[in-house]
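# A look at the structure
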There are 2 protein chains.
Amino acid sequence: MFSGIYRTIAYVNGLFCLYLALAMVAPMTVDYIDDNEDWEGFLGSLFIVGAVSAALILANRGQFAPFSLRLGILLVSSLWVSTSLVAALPFLLGTREISFTDAMFEAVSGMTTTGATVLSGLDDMPRGLLLWRATTQWLGGIGIVAMGVLVLPALRIGGMQFFRMESSERSDKPVARIRIFAGWLIGIYSALTLVCMVLYAVGGMSWFDALAHSMTTISTAGFSTHDTSFGQYGDMVLATAIIFMLIGAMPFTAFILGLIAGSYRRGFDSQISILIVIVAVLMVPAFLTAHGSGSFTPPDALLHSLFNVVSIVTTTGFTTTDYTKWGHLSAGVFLVALFVGGCAGSTAGGFKTYRLIILFQTLRVSIRELVYPSGVFPVYYNGKRISPEALQSVTTFFFAYVAILFGFTVAMSATGLDLVTAFTGTLATLSNVGPALGDVIGPAGHFGSLSDTAKWMLIMLMFLGRLEIMTILVLLSPLFWRGG
Amino acid sequence: MFSGIYRTIAYVNGLFCLYLALAMVAPMTVDYIDDNEDWEGFLGSLFIVGAVSAALILANRGQFAPFSLRLGILLVSSLWVSTSLVAALPFLLGTREISFTDAMFEAVSGMTTTGATVLSGLDDMPRGLLLWRATTQWLGGIGIVAMGVLVLPALRIGGMQFFRMESSERSDKPVARIRIFAGWLIGIYSALTLVCMVLYAVGGMSWFDALAHSMTTISTAGFSTHDTSFGQYGDMVLATAIIFMLIGAMPFTAFILGLIAGSYRRGFDSQISILIVIVAVLMVPAFLTAHGSGSFTPPDALLHSLFNVVSIVTTTGFTTTDYTKWGHLSAGVFLVALFVGGCAGSTAGGFKTYRLIILFQTLRVSIRELVYPSGVFPVYYNGKRISPEALQSVTTFFFAYVAILFGFTVAMSATGLDLVTAFTGTLATLSNVGPALGDVIGPAGHFGSLSDTAKWMLIMLMFLGRLEIMTILVLLSPLFWRGG
């Protein structure tokens, strides 16, 4: 049906959509057992996607096109769009009357592991739909790790070239290597999810809630089965969530995989320590405000401030309470938390800590160069000298990030939103966090009341954030489409 | 009294403070004629500053130390602090009971040409004090142009090295050159002020108001003699202000001086055109919101949106009306306007347009490099290739700017301010604009109700912005103080 790289792209899209459709069997079964008519929506989606996917796969079988920039960019961006369309189908075909915009918002928020939701009344929602939401985030999380380790470094997106695994640089048997990689990734990811689920259940969650929340914890994604998110759970559950959100935001999977592939590098260390440092630094004012609000005992203030700071910094987006009501300082703290993000090679989004480290190093070097004008001082990351090209990738990424943040804030305010909602809504979706600040889309609100225009802008921002911005900017450049 | 560079620094500080004290004669005379007791405060200030300055000058006369990084950095930063202290005296010693914090805030806002004010009831204020406020901004404006043309390029601060005049690179007779430069600068600056004053008076202002406003227009500074700023004036006055605010934000003075010194460079062109483009682009949504608010006829909506956009983009800070009440979109538009800033070598503050041009060029080049991984594409500014070091100055400056913006937002919110006030107050002072957004310190408010802690943070931000951030960061670095 297609030729050249488009044949490969169509084939891989068909394959991934088929896998995603097969994942509908579980929520369909749950709804069937629950005697809930939504199971028919899943069955319909399964048939539609199955037919289209099978057609795509069969019509485009054959030799893969060799890996190229164009293939990589088109593959990752088309995959996120096509799987989001598939993920939206059960929302559209279910008994709940969900509009196309809302279905797409929820699906994109799922697949990109953002966790912003337009749905309320989650506690009364069919369990199949709740499980489907968790499934999209769990699978999205795997996709992100795979993309971050296999595709983005090769594309040199936003300084991701630092995380190129040695194995991915050798071109012998790439498909076999990807298969081995995928196997280990899914195994480790599933094992972590299982441990998290058991701990949740031991902590007092129902088994269903434990499953759904463990899937959206390890993927630092943030969909809950309750409108109050983690508000009703006890200390053990909160502590478990804190640990597994942090694991999800660390390059843990890539780290283990690096060990297995025999290409362990020290490259991930300072990302991890800086993530811990950032959480600790933000914790202090968060704890003081939580404690000062008078709503908590000191241990509770500690637990709740730690939970919510970790949740936002790791771009998960679970909440236990409306922390914006603690005091004005908490708004400032969580604004910064919305920016930070997790580590490269993790399931987390956001600006990412390694970029912050590099920018701070560059600032230090610049001050040094001002003091010693005749000297030239290289920038180091993890003891390795950074090439000027890689440095430029990071600084450019930072500019693109901030420019998009301010540009979309203007566009969002044009839809009639106040400044806090427009600005933090843009930031929370671009960072793939989920809850923003303010009364409308803050920790106590949801995105349902926004206009369709605003929702589509946020959908665009979730894709931009997930695809590390530059992937989409390249796609929008005429240069990309010119020539062979 | 002092030795080495500190001798030169003490001497120059004494000289500048003495000049500033002599400038008190005019407002003192006005207050004396008005039969207002504040003239005694000016006389007292004049005596105190005169005595201290004379002592500094006499004790530290002699050969100037040769220009060095340390001398340049210490000179510009100490000059802004010492002249601000001098500027604060008449506020402290006057009949109005102004606290030390408020006096310093008003003085720093004057000398840095920010235009944020803690004072209200301006319409009933002694004319001497109003003239003094305008005088600090007018002199501050001269200082900024001189610093931007003579000192910062040689220090390579934030990419300012692009604006090094050829004459300043030759070291023969530097003092004579500075004298010639200063003469021309003061002449052209005074002539522009005079033309602006006459046009204001013709447009309907009293001669006193015309003088005070012309001094704070050409310096893109923003102090007014009315609480309503330009709210009460007619079309002719507003049109005049628009033109002279734009002139003040352009490298006009430096441009003419470059011609005179025989070192005309094309270097300033694209700054100017981009400034016009940015104003035009922001005008469209501002006009639509102003028109949509129903408060204006279409021509009035055009005039008021143009006036306020130009005022904020040029970092002047005059207002005609509370534009934040036009609609949510206007908040977004003016948030971006608060960021932009004017041209290098002008009286304007802010991020500055040439840096935006360079960052956008870098982004374009980065996209090109992603598409053609084997190519290396230089970044050009005004047709001239930018060295990697200069590029790094600009990207680092951007990071420092945004980091300070977010960092101070947290600190400001800790003083009990809401997010909009904390964030835009930080931005409006760091950009040396003046009015921020929100109800407290927006176009209809003033900074008087903030806590002393918040005011001192904003004072710090005004200095940071005025000294192009890096000057102060270098000063805070232990490296700077180490060794000879």
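Here the structure is a predicted model, which is why all the values come from computation and not from measurement. (Residues numbered from 1 in each chain as written. Chains lettered and ligands numbered in written order. Predicted model: local features only at pLDDT ≥ 70, side-chain atom pairs only at ≥ 80, totals over all residues. Heavy atoms only, no water.)

Of the regular secondary structure elements, chain A holds 20 helices and two strands. In terms of C-alpha radius of gyration, chain A reaches 22 Å, essentially the compact-globule figure of 23 Å for 484 residues. Overall size of chain A, expressed as C-alpha extent along the three principal axes, is 75 × 65 × 45 Å. Buried positions account for 62% of the 484 residues belonging to chain A. Positive and negative charge centroids in chain A, built from 24 and 26 side chains respectively, lie 20 Å apart. (Helix = DSSP H or I, 4+ residues; strand = E, 2+ residues; numbered from the N terminus. Rg over C-alpha atoms; globule rule 2.2 N^0.38 Å. Buried < 20%, exposed > 50% of the residue type's maximum accessible area, 1.4 Å probe, protein only. Lys, Arg positive; Asp, Glu negative; His and termini not counted. Charge placed at Lys NZ, Arg CZ, Asp CG, Glu CD.)

For the rest of this paragraph, the subject is the pattern of salt bridges. Where charged atoms of side chains with opposite charge meet at close range, the side chains can pair. Within this structure, the stated rule accounts for 14 salt bridges over all chains. The closest approach of N and O atoms between Lys325(A) and Asp322(A), which form a salt bridge, is 3.5 Å. Lys325(A) sits in the exposed class, given a relative accessible area of 55%. When its relative accessible area of 19% is taken as the criterion, Asp322(A) is described as buried. With its nearest N and O atoms 2.6 Å apart, the salt bridge here joins Lys352(B) to Glu468(B). Of the two residues, Lys352(B) is situated in the loop between α14 (328–340) and α15 (353–371) and Glu468(B) in the loop between α18 (452–466) and α19 (470–476); the sequence distance between them amounts to 116 residues. For the pair shown, Lys352(B) and Glu468(B) are each scored as buried. (Salt bridge = Lys/Arg side-chain N within 4 Å of Asp/Glu carboxyl O.)

This part takes up the interface of chain A and chain B. Counting residues at the interface gives 54 residues for chain A and 54 residues for chain B. Across the chain A/chain B interface, buried area totals approximately 4800 Å², and carbon plus sulfur atoms make up 80% of it. Remark: the boundary between chain A and chain B carries zero salt bridges. Linking chain A with chain B are six residue pairs in polar contact (both at pLDDT 80 or more). Contributing elements (two or more residues each) for the side of chain A that touches chain B: α14 (328–340), α15 (353–371), α16 (388–414), α17 (419–430), α19 (470–476) and α20 (478–481) of chain A. Here the side of chain A that touches chain B takes 14 residues from α16(A), the largest share from any one element. A per-class count over the side of chain A that touches chain B returns 38 nonpolar, twelve polar and four charged. (Contact = heavy atoms within 4.5 Å. Buried area = accessible area lost by both parts, 1.4 Å probe. Polar contact = N/O pair within 3.5 Å; in protein donor to acceptor, adjacent residues only side chain to side chain. Nonpolar A, V, L, I, M, F, W, Y, C, P; charged D, E, K, R; others polar.)

With a phi close to 55°, Asn432(A) is a non-glycine residue in the positive phi region. Of note, Asn432(A) is situated in the loop between α17 and α18 (452–466).

So, on to helix α17 (residues 419–430) of chain B. The terminal C-alpha atoms of α17(B) lie 16 Å apart, and with twelve residues this matches the ideal 16 Å at 1.5 Å per residue to within 8%. The buried fraction of α17(B) amounts to twelve of the twelve residues, a majority that puts the element mostly inside the structure. Within the sequence span of α17(B), burial applies to Leu419(B), Val420(B), Thr421(B), Ala422(B), Phe423(B), Thr424(B), Gly425(B), Thr426(B), Leu427(B), Ala428(B), Thr429(B) and Leu430(B). Summarising the contacts, the buried residues of α17(B) are in contact with α14, α16 and α17 of chain A together with α14, α16 (388–414) and α18 of chain B. (Expected span 1.5 Å × (residues − 1).)

In this section: α16(B). Residue and element names in this part refer to chain B. The first and last C-alpha atoms of α16 sit 39 Å apart over 27 residues, in line with the 39 Å expected at 1.5 Å per residue. α16 sits mainly inside the fold: 21 of its 27 residues count as buried. Backbone geometry just downstream of α16 places glycine 416 in the positive-phi region, at approximately 95°.

Our next topic: the nonpolar core. Residues Phe230(A), Met470(A), Phe230(B) and Met470(B) are the most contacted members of the largest nonpolar core, which totals 347 residues. Residues contacting Phe230(A), with those up to four places away along its chain left out, are Tyr200(A), Met205(A), His213(A), Val237(A), Leu238(A), Ala241(A), Phe307(A), Phe318(A), Thr319(A) and Thr320(A). (Core = buried A, V, L, I, M, F, W, Y, C linked by side-chain atoms within 4.5 Å.)

Right, let's get into the confidence of the model for chain A. Residue and element names in this part refer to chain A. Per-chain confidence: chain A averages 90 in pLDDT, with 93% of residues scoring 70 or above. Across residues 166–171 the pLDDT falls below 50, and counting only partners more than four positions away or on other chains, this stretch makes eight contacts in the model. Among the prediction metrics, the complex's ipTM stands at 0.93, with pTM recorded as 0.94. (pLDDT = per-residue confidence, 0-100.)

The next thing to look at is the packing of aromatic side chains. In total, this model carries 59 aromatic pairs over all chains according to the counting rule given. Judged by centre distance (6.3 Å) and plane angle (70°), the ring pair of Tyr323(A) and Trp326(A) falls under edge-to-face. In terms of burial, Tyr323(A) and Trp326(A) fall into one category: buried. Ring centres 5.1 Å apart and planes at 90° place the aromatic pair Phe480(B) and Trp481(B) in the edge-to-face group. With a relative accessible area of 1%, Phe480(B) lands in the buried category. By relative accessible area, Trp481(B) is classed as partly exposed at 43%. If you follow Arg368(A) out to its NZ or CZ, it ends over the ring of Phe377(A), 5.6 Å from the centre. Across the ring face of Phe208(B), the terminal group of Arg127(B) is positioned such that the distance to the ring centre comes to 4.8 Å. (Phe/Tyr/Trp six-rings, centres within 6.5 Å; stacked < 30°, edge-to-face > 60°. Lys NZ or Arg CZ within 6 Å of the ring centre and 35° of its normal.)

This next bit is on the environment of Leu79(A). Residues and elements named next belong to chain A. Mapped onto the fold, leucine 79 is located in helix α4 (residues 69–93). When the C-alpha atoms of leucine 79 and leucine 405 are compared, they prove to be 24 Å apart, with 326 residues separating the residues in sequence. Setting aside anything within four residues of it in sequence, one finds leucine 79 in contact with Val12, Asn13 and Phe16.

Related by rotation about an axis and a shift along that axis, the two copies of the chain form a pair. Mapping chain A onto chain B calls for a screw motion: a turn of 180° about the axis and a shift of 0.0 Å along it, with 0.0 Å RMSD after fitting. Such a turn and shift between the copies fits a two-fold axis. A share of 100% of interface residues in chain A that are also interface residues in chain B marks the association as one of identical surfaces. (Least-squares fit on C-alpha atoms with pLDDT ≥ 70 in both.)

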